[in-house]
Amino acid sequence: MSTKKDIAQAVSQRTDVSASAAEEIINAALDVVVEHLAKGEDVKLAGFGSFETRERAARTGRNPQTGAEIQIAASTSVGFKAAAQLKRAVNG
């Protein structure tokens, strides 16, 4: 598994920026993605994939320990769909 720090180190080696500058750039890019998703906007990164918000309706569920019915509130989640180029790279 790679961490953000590992990725920043790899970006630093491939570019002409320090590891700390690369990490700042990565953090800034991720902040922008989060801001757009928080506004309900989709984010598409060509050749990588797209992030989108998905609405989940309120529903009734069950407590697995007691079997009692509980109400699960509506929520918003984030979905990711990989681009064909990313899928090809991962599958060789």
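Everything here concerns the structure above.
This report concerns the structure included in the present document. (Residues numbered from 1 in each chain as written. Predicted model: local features only at pLDDT ≥ 70, side-chain atom pairs only at ≥ 80, totals over all residues. Heavy atoms only, no water.)

Looking now at the packing of aromatic side chains. Taken as a whole and assessed by the stated rule, the structure comprises two aromatic pairs. Judged by centre distance (5.5 Å) and plane angle (50°), the rings of Phe48 and Phe80 are tilted. In this pair, Phe48 is assigned in the loop between β1 (43-45) and β2 (49-56) and Phe80 in strand β5 (residues 75-82), connecting sequence segments 32 residues apart. Overall, Phe48 belongs to the partly exposed group, its relative accessible area being 37%. (Phe/Tyr/Trp six-rings, centres within 6.5 Å; stacked < 30°, edge-to-face > 60°. Helix = DSSP H or I, 4+ residues; strand = E, 2+ residues; numbered from the N terminus. Buried < 20%, exposed > 50% of the residue type's maximum accessible area, 1.4 Å probe, protein only.)

Another point: the pairing of strand β3 (residues 59-62). Bridging between β3 and strand β4 (residues 69-72) involves four bridges; their strand directions are antiparallel. Note on β4: the bridge partner recorded for Arg62 is Glu69. Linking β3 to β4, which pair antiparallel, is a turn of six residues; within it Gly67 sits at a positive phi near 80°. (Pairing = 2+ DSSP bridges.)

Here the focus is the sheet that holds β1. Across a sheet, paired strands are connected by hydrogen bonds in the backbone, their directions being either parallel or antiparallel. Across the sheet, which stays open at both edges, the three strands sit in the order β1-β2-β5 with antiparallel pairing between neighbours. Where the open sheet ends on each side, the last strands, each with one partner, are β1 and β5. Each adjacent strand pair in this sheet contributes to an overall mean axis angle of 25°, direction not counted. As judged from the three bridges shared by β1 and β2, these two strands associate in the antiparallel manner. Residue pairing across strands places Leu45 opposite Gly49, the latter belonging to β2. In the packing of helix α2 (residues 19-38) onto the sheet, contacts are made with β1, β2 and β5, and the angle to β2 comes to roughly 35°. (Axes fitted to C-alpha atoms, helices over the stretch in contact; angles between N-to-C directions. Contact = heavy atoms within 4.5 Å.)

Time to look at the layout of surface pockets. Quantified by volume, the largest pocket comes out at close to 170 Å³. Lining the largest pocket are Ala29, Leu30, Val33, Leu45, Phe48 and Phe51. Considering each element in turn, the lining of the largest pocket owes the most residues, three residues, to α2. Taken together, the residues that form the lining of the largest pocket break down as six nonpolar, no polar and no charged. (1 Å grid on protein atoms, 1.4 Å probe; cavity = no way out; pocket = protein on both sides within 12 Å on 5 of 7 lines; lining within 4 Å. Points joined across faces, edges and corners; volume = space filled by probe spheres on them. Nonpolar A, V, L, I, M, F, W, Y, C, P; charged D, E, K, R; others polar.)

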